[in-house]
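# Observations on the three-dimensional arrangement
Residues per chain, in single letters:
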Amino acid sequence: MRTFKKGGIHPPENKITADIGIEILPTPDIVTILLSQHLGKPAKPVVKKKQKVKKGQLIAEADGFISAHIHATTSGMVKSIDERVSSPAGQFSQAVVIESDGQEEWADGLNIDIDYESLSREEKLRKIQDAGIVGMGGAGFPAHVKLNPPPEKKVDTFILNGAECEPFLTTDHRLMLEKPEEILKGLDIAASFFDKDIKVYIGIEANKADAIKIMEERTQGTRFEVVPLKAKFPQGCEKQLINTVTGRVLAEGQLPFDVGCLVHNVATIYAIYEAVAKNKPLIERVFTVSGMEINSRKNLRATLGTKITDIVDYCGGVTDEINQVIVGGPMMGKAQFTFDVPITKTTSGILFINNRGLERSRERACIRCGKCVEVCPQGLQPWIMTDLARLNQFELLPAYGLNDCMECGSCTFVCPANRDIVHWIKYAKVMNTRQKR
Amino acid sequence: MTTQTRQLTVSHAPFVRSGDSIEKVMYTVALALLPAIAAAIYYFGLRSLWVTLTSVISCIVFEFLINKIRKKDLTCFDGSAIVTGLLLSLNVPAGLPFWMVIFGSFAAIVIAKELFGGLGYNIFNPVLVARVFLLISFPAEMTAWVVPHSVDMVTAASPLGLLKTEGLSAIANISYWKLFMGEIGGSMGETSALAILIGALLLYAKGYIKLKIPLTFIATTFLFTGLFYLIDPSKYASPVFHLLSGGLMLGAFFMATDWVTSPMLARGQIIFGFGCGLLTGIIRLFGGYPEGVAFSILIMNALVPLLDKWDLNSIAKGRRAH
């Protein structure tokens, strides 16, 4: 079975929710829609307090090239526009708070069937841009920018990322099982932006045998090829997936289209289908609720702006042992300091865990075992970067590939000295950016 | 309790760990040393066990005292002091007076390890520092090798010692089989190549040793001594004899592979192993001491920061060129 060349680990999979169907979480009375749910500049609000809005109506406009539109996720009245709401990414962002009227009334011309096959490339791209779609695997890069690379970059390979290598998460897995037709149509739409002879691959980790089977059945006789991948973290990272499927290697600073590739995540492709074929902006998403400290574990489809408190209530509350709430997976997710955080376009999972054991173990000196070097999928030297960062020698790190590190956490996972390698690397990145200013 | 009043811990990803720890690694190494200790007890009698216990306990006590003096968290039970103690006992003759064993533990833990900053910061292999310390301080006691299966700790020279002082004829009747099994004079743990290989196999299976170092080490010694054997077999001992006698096996698999004091990267490891092997060969054939494993590893330990720096500079250069 195919896998990427360098490094990688195999953390316990814990895909507890793999067999549980997607459940719809009712829209709460109040939704808090963050205006920064993507990479790039936050969107600018175009609605006022007390204004009535319909579901899917534009409430904030993209600000600049790398930015994305934000839409009302339910119908009702704008209760307030708050300046500092904590986001699951650990920052503060402006947010539009909408009080739902319970009608779920769509704005005109949205959520309808469209004969999209006759649309031109520009019209389809426009729809994707208008729908505010961003990379839903976690990066949040605006999809219309990614689908429209500079003309001098020839893209010959399109990869659907169904690896979902993070433990616990089963979002893409469930989507592939429950919406295979829609995903393949979305893939068709996305591939239509490129040359007719573009190669289209569907990469799925082998631990999702049922999804591989379904996708293989549905792609019989089409130009799509399903590629089963060895279950190994971080198989779902763009660079590793490209390496696995095509053998190509991205150098530091290179983007996928520099090596002729484009990768989109399953959830994003599904959103693209809904935007183009149904005129539906991105106002809801599927995510996994898991971990040992929540009373029922589910795959949920929820309105963006639903708070974690609402989700906890719906899932029967948390246990007394909980001490961490993670948005994302356990390898690359973010720990929250409060339950009072709304979900966004990039929320692929929420984990409720008890990690007190980890908290108590001390960071020791590096014993130079070399395991971090062995597992680094980017072939870096995490140990020396950690040593230098601890000595505040941040400017020395880029020479060893600091910016080539995507913070997958494999090094920290294996470190017997319990060193917070990723933490130090991230810290060094922040300090270097600060010094440049 | 509502979600509002709960305290959440904010920490950095990843939120899962492999469960590997310094303790786990160290206790596995200790386990891998048990065959060699069993061989020592078998060949040199029960006193071997007392030497081992003295060495282990004194290492733990010294580490505990230093932790207290430096006002640091207790590291005396993380297993590294135990491994140091076990290895130290395997590096001395079974008849060494107990107070000298304790002195050796002091040299290893206090001087070679803790004065440099503790586990992870020591430049030189603590056990080898202690062995050389003892060898220079008490040359007579440190070369009084116990004859295997002797009733009252009769001592004699080791095969390498015989070779150095009395020449090739003195070792003519020592069979390779005896050398391999360990039925010869020598320090407690170094005589039985078999016991060492069993332990090394466990470490290799667990992924705790990188084979590049021991293999280049042993191969270099073998080829170097083999070259001279080919030139004049009437003057030089065979490479197989050199391979199986003295501390080569123990040194190559358990000392030179010590993570903290060996290079991180492949090229450095190969140069390190080659240097150890070459120096061992030179000291054995032309040096004043019959055995050179400890000295050669210590000398190469000193070069490790340089080797690492060289490898890192090459990496940085490669990245820039890209």
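Residues numbered from 1 in each chain as written. Chains lettered and ligands numbered in written order. Predicted model: local features only at pLDDT ≥ 70, side-chain atom pairs only at ≥ 80, totals over all residues.

## Quick look at the overall build of chain B
- From N to C terminus, chain B includes 14 helices and 2 strands.
- Relative to its full complement of 322 residues, chain B shows a buried share of 49%. (Helix = DSSP H or I, 4+ residues; strand = E, 2+ residues; numbered from the N terminus. Buried ≥ 20, exposed ≤ 12 C-beta atoms within 10 Å, placed from the backbone.)

## Details of the overall build of chain A
- Broken down by element type, chain A carries 13 helices and 17 strands.
- The C-alpha radius of gyration of chain A comes to 21 Å, within 12% of the 22 Å expected for a compact globule of 437 residues.
- Judged by the C-alpha coordinates and their principal axes, chain A covers about 65 × 50 × 45 Å.
- Within chain A, the proportion of its 437 residues that are buried is 52%. (Rg over C-alpha atoms; globule rule 2.2 N^0.38 Å.)

## Considering the interface of chain A and chain B
- Contacts between the two partners involve 52 residues from chain A, matched on the other side by 33 residues from chain B.
- Mapped by element, the contributors of at least two residues to the side of chain A that touches chain B are helix H8 (308-314), strand S15 (324-327), strand S16 (334-335), helix H9 (356-360), helix H11 (382-390), helix H12 (410-414) and helix H13 (421-436) of chain A.
- Its residues placed into classes, the side of chain A that touches chain B shows 30 nonpolar, 14 polar and 8 charged. (Contact = placed C-beta atoms within 7 Å. Nonpolar A, V, L, I, M, F, W, Y, C, P; charged D, E, K, R; others polar.)

## With respect to helix H4 (residues 180-191) of chain A
- Between its terminal C-alpha atoms H4(A) stretches 16 Å, which fits the 16 Å expected from 12 residues at 1.5 Å a residue.
- For H4(A), the complete set of buried residues consists of Ile183(A), Leu184(A), Gly186(A), Leu187(A), Ile189(A), Ala190(A) and Ala191(A). (Expected span 1.5 Å × (residues − 1).)

## Some points on the sheet that holds strand S13 (residues 284-290) of chain A
Residues and elements named next belong to chain A.
- On the basis of which strands lie adjacent, the open sheet formed by 6 strands has the order S1-S14-S13-S17-S15-S16 and mixed pairing. The sheet is open, and its two edges are formed by strand S1 (22-24) and S16, each paired on a single side.
- The pairing of S13 with strand S17 (residues 349-353) spans 3 bridges and is classified as parallel. Note on S17: the bridge partner recorded for Val 289 is Ile 350.
- Sitting on the sheet, helix H3 (residues 171-178) is in contact with S1, S13, strand S14 (298-303) and S17, with an inclination near 125 degrees to S13. (Pairing = 2+ DSSP bridges. Axes fitted to C-alpha atoms, helices over the stretch in contact; angles between N-to-C directions.)

## Quick notes on the packing of helix H3 (residues 80-90) of chain B against helix H5 (residues 126-137) of chain B
Residues and elements named next belong to chain B.
- Interhelical geometry of H3 versus H5 gives an angle of 35 degrees and a closest axis separation of 9 Å. In this structure, H3 crosses over H5, and the sense of that crossing is right-handed. The segment H3 lies against H5, with Thr 84, Leu 87 and Leu 88 engaging Pro 126, Val 127 and Ala 130.
- Counted by class, the contact of H3 with H5 contains 5 nonpolar, 1 polar and no charged residues. (Left-handed = near helix turned anticlockwise from the far one by under 90°.)

## Some words on the sheet that holds strand S8 (residues 92-100) of chain A
- In spatial order, the strands read S2-S8-S7-S4 (chain A); together these 4 strands make up an open sheet with antiparallel pairing. Among the strands making up the open sheet, the edge pair consists of strand S2 (30-34) and strand S4 (52-53) of chain A.

## Observations concerning H5(B)
All names here are of chain B.
- Over its 12 residues, H5 runs 16 Å from end to end, which matches the ideal 16 Å to within 8%, given 1.5 Å per residue.
- Within H5, the full set of buried residues consists of Pro 126, Val 127, Leu 128, Val 129, Ala 130, Arg 131, Val 132 and Leu 134.
- In the core, the buried residues of H5 are packed alongside H3, helix H4 (98-113), helix H6 (139-142), helix H12 (248-255) and helix H14 (293-321).

## Concerning the pairing of strand S11 (residues 224-229) of chain A
All names here are of chain A.
- One ladder, built from 6 bridges, connects strand S10 (residues 199-205) with S11; its direction is parallel. In the strand pairing of S11, Val 200 is matched with Phe 224.
- On the question of chirality, the crossover connecting S10 to the parallel S11 by way of helix H5 (residues 209-218) is right-handed. (Right-handed = clockwise from strand over helix to strand, strands pointing away.)

## Thoughts on the confidence of the model for chain B
- Per-residue confidence for chain B averages 92 on the pLDDT scale, and 98% of its residues sit at or above 70.
- Both scores are available for the predicted complex, with the pTM at 0.92 and the ipTM at 0.90. (pLDDT = per-residue confidence, 0-100.)

## Structural notes on the packing of helix H1 (residues 22-44) of chain B against H3(B)
All names here are of chain B.
- Interaxial distance between H1 and H3 falls to 9 Å at its minimum, and their mutual angle equals 20 degrees. By the angle class used here, H1 and H3 are roughly parallel. Remark: the crossing between H1 and H3 carries left-handed chirality. Of the residues in H3, those touching H1 at Ile 22, Met 26, Val 29, Ala 30, Leu 33, Ala 36, Ile 37 and Ala 40 are Ser 80, Ile 82, Val 83, Leu 86, Leu 87 and Leu 90. (Parallel < 35°, antiparallel > 145°, perpendicular 65-115°, else oblique.)

## Some words on unusual backbone geometry
- Across the junction of Phe233(A) and Pro234(A), the peptide omega takes the value -5 degrees, indicating a cis bond.
- Turning to its location among the elements, Pro234(A) is positioned in the loop between S11 and helix H6 (238-246).
- A cis amide bond links Ala13(B) with the next residue in sequence, Pro14(B), at an omega value of -5 degrees.
- In this structure, Lys50(A) takes a positive phi of about 75 degrees despite not being glycine.
- Note on placement: Lys50(A) falls in the loop between strand S3 (44-45) and S4.
- Backbone geometry at Asn418(A) places phi at a positive 60 degrees, although glycine is not the residue there.
- Among the secondary structure elements, Asn418(A) is positioned in the loop between H12 and H13.

## Section: the pairing of S13(A)
Residue and element names in this part refer to chain A.
- Within S13, 7 of the 7 residues are buried, leaving the element largely enclosed by the surrounding structure.
- Residues Glu 284, Val 286, Thr 288 and Ser 290 point to one face of S13 and Arg 285, Phe 287 and Val 289 to the other, with burial holding for every one of them.
- Note that S13 and S14 share 6 bridges and pair antiparallel. The residue bridging Arg 285 from the neighbouring strand is Ala 302, located in S14.

## Let's talk about the domain arrangement of chain A
Residue and element names in this part refer to chain A.
- For chain A, the domain assignment lists domain 1 (22-110 + 281-356), domain 2 (117-278) and domain 3 (371-436).
- Taken over C-alpha atoms, the centre of domain 2 sits 29 Å from the centre of domain 3.
- Counting residues at the interface gives 5 residues for domain 2 and 7 residues for domain 3.
- Among the residues forming the side of domain 2 that touches domain 3, the class breakdown is 3 nonpolar, 1 polar and 1 charged. (Domains from an automatic or database assignment.)

## Points about the environment of Ile326(A)
- With respect to the helices and strands, Ile326(A) occurs in strand S15.
- Sequence-wise, Ile326(A) and Phe141(A) are 185 residues apart; in three dimensions their C-alpha atoms are separated by 21 Å.
- Those residues in contact with Ile326(A) that sit more than four places away from it in its chain are Gly333(A), Lys334(A), Ala335(A), Leu351(A), Ile353(A) and Phe15(B).

## Points about the environment of Asn67(B)
All names here are of chain B.
- Topologically, Asn 67 is positioned in helix H2 (residues 47-70).
- Placed 47 residues apart in sequence, Asn 67 and Glu 114 show a C-alpha to C-alpha distance of 8.7 Å.
- If sequence neighbours within four positions are ignored, Asn 67 has contacts with Lys 72, Leu 74, Thr 75 and Cys 76.

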